[in-house]
Amino acid sequence: MLGRVFLIVATIAIFHAAFSAYEHLSQLKALERPEGQLPPDIILETLFALALGIIGASLNAPPLKEITWASEMRKHKIDDMDSRLGFANFVNRGRNISSQLGQSSQRSAKVS
């Protein structure tokens, strides 16, 4: 409950800081001075809202779940986990191709 309250207050504070920054920049434009920094109170309000939002999100998050191997194996059967093929074939045709390339290069070397 406290986390949601913090998130709501942080959201309102962020919107207020954005509106204050917009007003400040509009005032600078009206005075024909587009350069200028934001006042420190707007910056502090934004940082406060950011910190409050992070705290609120942390308090509002659900509890963490255990992700160990034992806890995962409680959810699954061994038949589901060990349903792979009983063999693996690591032999490919690459050696035949490379031997054919080697023979053709030897033939071309003999011809020239």
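Structure shown above.
Predicted, not measured: the structure shown is a model, and the values here were computed from it.

Asker: An account of a nonpolar patch on the surface is requested, with residue identities and associated values reported.
Answerer: There is a patch of nonpolar side chains on the surface, built from L25, L38, I43, L44, L47, L50 and I54 and spanning about 640 Å² of accessible area. In terms of residues, the nonpolar patch owes the most to one element, helix α2 (residues 40-60), which gives five residues. Following the sequence through the fold, L25 ends up in helix α1 (residues 2-30). You can call L25 partly exposed: its relative accessible area is 41%.

Asker: Outline α2, listing residues and values.
Answerer: With 21 residues, α2 should cover 30 Å at 1.5 Å per step; its first-to-last C-alpha distance of 30 Å lies within 8% of that length. Along α2, the positions that sit buried rather than exposed are I42, A49, L52, G53 and G56. When α2 is viewed along its axis, its buried side chains cluster within an angular range of 110 degrees and face the same direction. The outward face of α2, more than 90 degrees from its buried face, is lined by the exposed residues P40, L44, F48, I54 and S58. Of the surrounding secondary structure, the elements contacted by the buried residues of α2 are α1.

Asker: I'd love a proper account of the side chain of S20, names of residues and values included.
Answerer: Along the chain, the position of S20 falls in helix α1. Using a relative accessible area of 15% as the deciding quantity, one classes S20 as buried.

Asker: Which residues make up unusual backbone geometry, and what values go with them?
Answerer: Positive phi, close to 60 degrees, is recorded for E32, a residue that is not glycine. As for its placement among the helices and strands, E32 is situated in the loop between α1 and α2.

Asker: Hey, could you go over the packing of α1 against α2 for me, with residue numbers and the actual values?
Answerer: At their nearest, the axes of α1 and α2 sit 8 Å apart, and the two run at 160 degrees to each other. The orientation of α1 with respect to α2, classified from their angle, is roughly antiparallel. Between α1 and α2 the crossing geometry is left-handed. Here the contact of α1 with α2 is composed, by residue class, of 15 nonpolar, eight polar and two charged.

Thresholds, definitions, all that
- Throughout, residues of each chain are indexed from 1 in the direction in which the sequence is written.
- The model is predicted, so local features are restricted to residues of pLDDT at least 70 and side-chain atom pairs to those at 80 or more, both for listing and for counting; the totals for chains, interfaces and linings are taken over all residues.
- Here the side-chain values reflect all heavy atoms present in the structure, with hydrogen atoms and water set aside.
- Residues with no salt bridge and a relative accessible area higher than 30% make up the patches, which join like charges within 9 Å and nonpolar side chains (Val, Leu, Ile, Met, Phe, Trp, Tyr) within 5 Å.
- Areas reported here follow the Shrake-Rupley algorithm with a probe of radius 1.4 Å; residue values treat only the protein chains shown as occluding.
- One speaks of a salt bridge when a side-chain nitrogen belonging to Lys or Arg is within 4 Å of a carboxyl oxygen belonging to Asp or Glu.
- For helices the rule is a DSSP run of H or I covering at least 4 residues; for strands it is a run of E covering at least 2, with both sets numbered from the N terminus onward.
- Classification of residues uses two cut-offs on accessible area relative to the type maximum, computed with a 1.4 Å probe and protein chains only: under 20% is buried, over 50% is exposed, and between them is partly exposed.
- The span you would expect from a helix comes to 1.5 Å times its residue count less one.
- This arc corresponds to the set of directions leading from the helix axis out to the C-beta atoms.
- By the convention used here, residues are in contact when the closest approach between their heavy atoms is within 4.5 Å.
- To obtain an axis, a line is fitted to C-alpha atoms, over the contacting stretch when the element is a helix, and the angle between two such axes runs from 0 to 180 degrees between their N-to-C directions.
- In this scheme, roughly parallel covers angles under 35 degrees and roughly antiparallel covers those over 145, while 65 to 115 is roughly perpendicular and the rest are oblique.
- In this scheme, a crossing is called left-handed if the near helix is turned counterclockwise away from the far one by less than a right angle; it is called right-handed if the turn is clockwise.
- Under the convention adopted here, Pro, Cys and the residues Ala, Val, Leu, Ile, Met, Phe, Trp and Tyr are nonpolar, Asp, Glu, Lys and Arg are charged, and Gly plus all remaining residues are polar.

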